[in-house]
Every structure is written in structure tokens, then in C-alpha cells.
Amino acid sequence: MSDLLKRKPKRIERSQTVVPKTTFSLKDLPEQIKEEVVEKKVPKVKSSTVEKTTTVRVSVGMKNKLNALVTMGIADTVDQLTDVLFDEYVNNILSKDEKKQLEIILDLYKSKMHNK
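Residues numbered from 1 in each chain as written. Predicted model: local features only at pLDDT ≥ 70, side-chain atom pairs only at ≥ 80, totals over all residues. Heavy atoms only, no water.

1. Looking at the pattern of salt bridges
Proximity of charged atoms lets side chains of opposite charge pair with each other. As a reminder, the rule being used: For salt bridges, the criterion is a side-chain nitrogen of Lys or Arg within 4 Å of an Asp or Glu carboxyl oxygen. Strands are runs of DSSP state E lasting at least two residues, helices are runs of H or I lasting at least four, and both sets are numbered from the N terminus onward. Exposure is judged per residue with a 1.4 Å probe applied to protein chains only, and the accessible area is read against the type maximum: over 50% gives exposed, under 20% gives buried, and values in between give partly exposed.
In the structure shown here, the tally under the stated rule is one salt bridge. E103 is the salt-bridge partner of K100, the closest N and O atoms lying 3.9 Å from each other. In this pair, K100 and E103 are both assigned in helix α5 (residues 96-114), three residues apart and thus about one turn of the helix distant. The class for K100 is partly exposed, based on a relative accessible area of 48%. Owing to a relative accessible area of 43%, E103 belongs among the partly exposed residues under this scheme.

2. Considerations on the environment of V90
Defined as follows: By the convention used here, residues are in contact when the closest approach between their heavy atoms is within 4.5 Å.
Turning to its location among the elements, V90 is positioned in helix α4 (residues 78-92). Taking C-alpha positions, V90 is 8.9 Å from L102, a pair spaced 12 residues apart along the chain. In this structure, V90 is in contact with K99 and L102, ignoring residues within four places of it in sequence.

Geometry only, nothing functional implied.
Next up, the structure:
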């Protein structure tokens, strides 16, 4: 056992930098696909007020899905992406009565925040 302590570790040799065989950019895509990609991007929205942030618990799989969409460039942040997804759901799925109910509940949450 004392032999193991006396031996010097072998040096690790640095290998060559790995370079991908092929790469692509947006310029390489056909015009029709470029237009579709540009249309799907979410415009940047700058808010004049800084909102507090909070934590929402989601599964690791959901986190990965959201981050994948952000990585694809659909939105700049997960917060922005969830805002877009929320708006799409409200506009395309909820009935008129459900939209009114949602508006009332959101107003209730806002009033609770202002009273603190």
C-alpha cells in the first residue's frame, strides 16, 4: 500500500480542440424557412416597472421543455415564454365566461398585492 502513495500520478496530455465537421447559420436556410423563423420570434417587451420574481415548482421535464423553447429563440426568457403561452391559451382555449372569471381572479390577486 505504501507503493501507491509513493507513485507520482501520470500527466494528462491535452488533446486537440474538437471542431464540428459541419455547421450552419440562419443565412444557410432557404428564404421561406427564414421568414417562418423570424415570424415566430417573440418581440422583446421592455417593462417600465420592475416586477418582483418568484419561484414556481415544475417537473424537471417541464423545465427542460421550457428551456428548449427559449434556446430555440422563441423567447428571451422562460418568464417571457410562459407569458406568451398563457396569452395563447387564454385567447384560443378559454370561453368568454372563463375569460371574465380569469379577469376577476387576476384583479383580486392584484388588489391583494397592493394592500400589502
